[in-house]
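Chain by chain, the residues run as shown.
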Amino acid sequence: MSNRARRDAGEPDEYVLGTDAEELRRLRFQHFVWTEQLHALCARAGFRDGDAALDLGCGPGFTSFELARIVGPRGQVLACDVSARFLRALESQRDRDGLSWVATRLGGIEGLDVEPASFDRAYSRWLFSWLPDSLEPFRRVHRALRPGATFALHEYLDWGAMTVVPRSEVFDHAVAACVRAWPRLGATIDIARDVPRLAAATGFVVDDFQPIARVGTVGSLEWRWPGEFLAVWLRKLAAQGLFDTADCDAFDDEWRRLTAAGDSRLVTPTMAGIVLRKPPQPRARRVSARAVQRRARPASKTRDVRPIRRRGVPALPRDR
Ligand SMILES: C[S@@+](CC[C@H](N)C(=O)[O-])C[C@H]1O[C@@H](n2cnc3c(N)ncnc32)[C@H](O)[C@@H]1O
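Reading the values: rules and limits
- Residues numbered from 1 in each chain as written.
- Predicted model: local features only at pLDDT ≥ 70, side-chain atom pairs only at ≥ 80, totals over all residues.
- Near = placed C-beta within 6 Å.
- Helix = DSSP H or I, 4+ residues; strand = E, 2+ residues; numbered from the N terminus.
- Nonpolar A, V, L, I, M, F, W, Y, C, P; charged D, E, K, R; others polar.
- Pairing = 2+ DSSP bridges.
- Axes fitted to C-alpha atoms, helices over the stretch in contact; angles between N-to-C directions.
- Contact = placed C-beta atoms within 7 Å.
- Expected span 1.5 Å × (residues − 1).
- Buried ≥ 20, exposed ≤ 12 C-beta atoms within 10 Å, placed from the backbone.
- Core = buried A, V, L, I, M, F, W, Y, C linked by C-beta atoms within 7 Å.

Colleague: Sorry if this is basic, but what is going on with the site of the ligand here?
Modeller: As a matter of local geometry, the ligand sits amid 21 residues, with Y15, G57, G59, S83 and R125 nearest to it. Elements with a contribution of two residues or more to the shell around the ligand: α2 (21-44) and α3 (62-71). Residues that form the shell around the ligand fall into these classes: 11 nonpolar, seven polar and three charged.

Written out as structure tokens, the structure reads:
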């Protein structure tokens, strides 16, 4: 086996898109396309200097390094992922960049086990789409955050919204095949739709929920991001019997035609930028000094002293 083949052989817990060198390259490009949105969302979620932040499903660390620069060396980032290979790539890059305040944690997020209430922020991008069930992961994140802390997510809201304008039947046929395949591969692709429900079930409140629809002309980042993904992914679906090889060839021809014609636009899958908040602990009610004095005043002899009745609690019958 060559070094390259050995490096790219599957690992036990790799997610549906794989963790090989090709996927790492795709994630790097994808991160470049979405960096601005990450910073906008983290600003809305209040990420700042000195924060302790979790990066959940961090992959090779492109997001972790952005978070590390936001929280600075007085803060810390715990980058968590189930892929040992991605974490190794992250650690090498971290050491080259001198970002010593980024630590890694290997394991599935469903088993995330950190000191309760020890983080100020959590960020996650394109993780929950790949999980069959996100309830336990949400519980774990909630437990890890301190009261008042925020959890920012970028996830798909409507993957199947991807299309080209003017319409291409070949393109739409390929997108529809992917949409049918996602659940069969264990993905909950449009997980953003479920986030408000997951938030309510685990004690978060939704602070912000914004759809992100992007459109790009031929050659733009918006054009290249899903187009390059589909060209590779359709072949992988075909290898699993979930798409026709002849349709892969038809897609490649159509993609070349659209790119050469140059007058189309690509509408990307709709994403959502979401900010959840763990509510702050209710403060103990403060009683004013006057109220304390009033309570301490001795009852006058002439006053009719009645037992105090709490609202909603029925009084006990008096002895006769
Ligand atoms: C599409 S990649 C996104 C990586 C990174 N968040 C980014 O935006 O560049 C999905 C990542 O989730 C990780 N992952 C999948 N299932 C996981 C799980 N159960 N627990 C933790 N990480 C998981 C994968 O290993 C992969 O690194």
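Having seen the structure, we can now continue with the description.
Colleague: Explain the sheet that holds strand β9 (residues 265-267) to me, please; I cannot follow it from the model alone.
Modeller: Sheet strands pair via backbone hydrogen bonds, and the direction of the pair is either parallel or antiparallel. Spatial strand order, β6-β9-β8: three strands in an open sheet with antiparallel pairing. Each end of this open sheet is capped by a strand with a single partner; those strands are β6 (163-165) and β8 (215-217). Between one strand axis and the next, the sheet turns by 25 degrees as a mean value, whatever way the strands run. Pairing of β6 with β9 involves three bridges; the strand directions are antiparallel. Bridge pairing in β9 links T163 to V267. Packing against the sheet, helix α8 (residues 221-239) makes contact with β8 and β9, and its axis sits at approximately 100 degrees to β8.

Colleague: How should α8 be read in this particular structure?
Modeller: Along an α-helix, a turn takes 3.6 residues, which lines up residues three or four apart on a common side. A rise of 1.5 Å per residue sets the reference length of α8, with its 19 residues, at 27 Å; its end C-alpha atoms lie 28 Å apart and thus fit the reference within 8%. Turning to α8, its buried residues are W223, W225, P226, G227, L230, W233, L234 and L237. On its buried face, α8 is in contact with α2, α6 (169-184), β8, α9 (245-261) and β9. The positive-phi residue at the C-terminal boundary of α8 is G241, with phi of around 75 degrees.

Colleague: Which parts of the structure should I look at to understand the environment of L153?
Modeller: Among the structural elements, L153 can be located in strand β5 (residues 145-158). Judged by C-beta crowding, with 26 C-beta atoms within 10 Å, L153 ranks as buried. Here the alpha-carbon distance between L153 and A45, two residues 108 residues apart in the chain, equals 9.7 Å. Those residues in contact with L153 that lie beyond four places of it in its chain are S124, V195 and I274.

Colleague: Would you take a moment to explain the nonpolar core for this structure?
Modeller: Proteins that are soluble and globular tend to have nonpolar side chains buried together. Among the nonpolar cores identified, the biggest contains 60 residues, and A53 and A122 are the most heavily contacted of them. A total of seven residues in this core trace back to one element, the largest contributor, which is β5. Apart from residues no more than four positions distant in its own chain, A53 is found in contact with F47, L67, V71, G75, V77, F119, D120, R121, A122 and Y123. One finds F171, C178, W223 and C248 within the second-largest nonpolar core, a separate group that totals 14 residues.

Geometry only, nothing functional implied.
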